Amino acid sequence: MPQAILLHDVEQLGERGEVVDVSPGYLRNFLIPRKLAEPATKGALEAAQRRQAAAERAAREAKDRAQENAALLGRTVLTIEQQAGDDGRLFGSVTAQDIADAIRDARGIKVDKRKIQLEEPIRNIGTHMVVVEVDEGVHATVKTMVVEQK
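All of these numbers come straight from a predicted model, not from anything done at the bench. (Residues numbered from 1 in each chain as written. Predicted model: local features only at pLDDT ≥ 70, side-chain atom pairs only at ≥ 80, totals over all residues. Heavy atoms only, no water.)

Observations regarding the sheet that holds strand β1 (residues 3-6)
The strands that make up a sheet pair up through hydrogen bonds in the backbone, lying either parallel or antiparallel.
Move 1: What the three strands build is an open sheet, ordered β2-β1-β3; its pairing is antiparallel. Two strands lie at the open edges of the sheet, namely β2 (19-21) and β3 (37-39), each paired on one side alone. In this sheet, adjacent strand axes meet at a mean angle of 40° when their direction is disregarded. (Pairing = 2+ DSSP bridges. Helix = DSSP H or I, 4+ residues; strand = E, 2+ residues; numbered from the N terminus. Axes fitted to C-alpha atoms, helices over the stretch in contact; angles between N-to-C directions.)

What follows is the structure in structure tokens.
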């Protein structure tokens, strides 16, 4: 049985980068024409190993960068100015988008507003601890001070 290196995830066969045993007809008539796999030659196996090593290295570097950003955000204190009344209630609110913009302005780190965990928008002046998901499984708590605009 010939072996094939999968170029994409194939249901009930395997994931991208795996070397699998398939019948010659399935490889020749289905996988190769749809560019789902390539024959597992010696050169192709070496290239696949290099691609897999590069992908693992890139994922590891991204994880390290995310942890560095999380440590940086953990030391960050954001100050957001908003108009407020005499009782400390804001005219409007501080949303996840406002916090994402403040993080980008303060540290240059782009954070998606959907990754900022706010139960509801901040409507009062004061100090609030906001949890930000920097990367999958990497969280940081950012101290956010909402002050009255002068």
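Considerations on unusual backbone geometry
Move 1: Positioned with a positive phi, Gln12 is a non-glycine residue whose angle comes to about 60°.
Move 2: Relative to the helices and strands, Gln12 is located in the loop between β1 and β2.
Move 3: Positioned with a positive phi, Lys35 is a non-glycine residue whose angle comes to about 55°.

Quick word on the domain arrangement of the protein
Move 1: Split by domain assignment, the protein resolves into domain 1 (3-62) and domain 2 (65-148).
Move 2: Averaged C-alpha coordinates put domain 1 and domain 2 at centres separated by 43 Å. (Domains from an automatic or database assignment.)

Considering the nonpolar core
Move 1: Within the largest apolar cluster, 23 residues are counted, with the highest numbers of intra-cluster contacts made by Leu73, Val94, Ile99, Ile103, Ile116 and Val132.
Move 2: Among the secondary structure elements, those contributing two or more residues to this core are α2 (42-74), β4 (77-82), β5 (89-94), α3 (96-107), β8 (126-135) and β9 (138-148).
Move 3: Sorting elements by how many residues they give to this core places α3 first, with five residues.
Move 4: Excluding anything up to four places from it in sequence, Val132 contacts Leu73, Ile103, Val111, Lys115, Ile116, Val138, His139, Ala140 and Val142.
Move 5: Residues Val20, Leu27, Leu36 and Ala37 belong to the second largest nonpolar core, which totals nine residues. (Core = buried A, V, L, I, M, F, W, Y, C linked by side-chain atoms within 4.5 Å. Buried < 20%, exposed > 50% of the residue type's maximum accessible area, 1.4 Å probe, protein only. Contact = heavy atoms within 4.5 Å.)

Topic: the environment of Gln52
Move 1: Tracing the sequence through the fold places Gln52 in helix α2.
Move 2: Here Gln52 falls in the partly exposed class, since its relative accessible area comes to 44%.
Move 3: Measuring from C-alpha to C-alpha, the distance between Gln52 and Glu18 comes to 9.7 Å, with 34 residues separating the pair along the chain.

With respect to the packing of aromatic side chains
Aromatic ring pairs are reported here in terms of the distance separating the ring centres and the angle at which the planes meet.
Move 1: For the coordinates displayed, the defined rule picks out one aromatic pair.
Move 2: Note on Tyr26 and Phe30: the rings are 5.3 Å apart at their centroids and 5° apart in plane angle, and the pair reads as stacked. In this pair, Tyr26 and Phe30 both sit in helix α1 (residues 24-31), four residues apart, roughly one turn of the helix.
Move 3: Since its relative accessible area comes to 30%, Phe30 is described here as partly exposed. (Phe/Tyr/Trp six-rings, centres within 6.5 Å; stacked < 30°, edge-to-face > 60°.)

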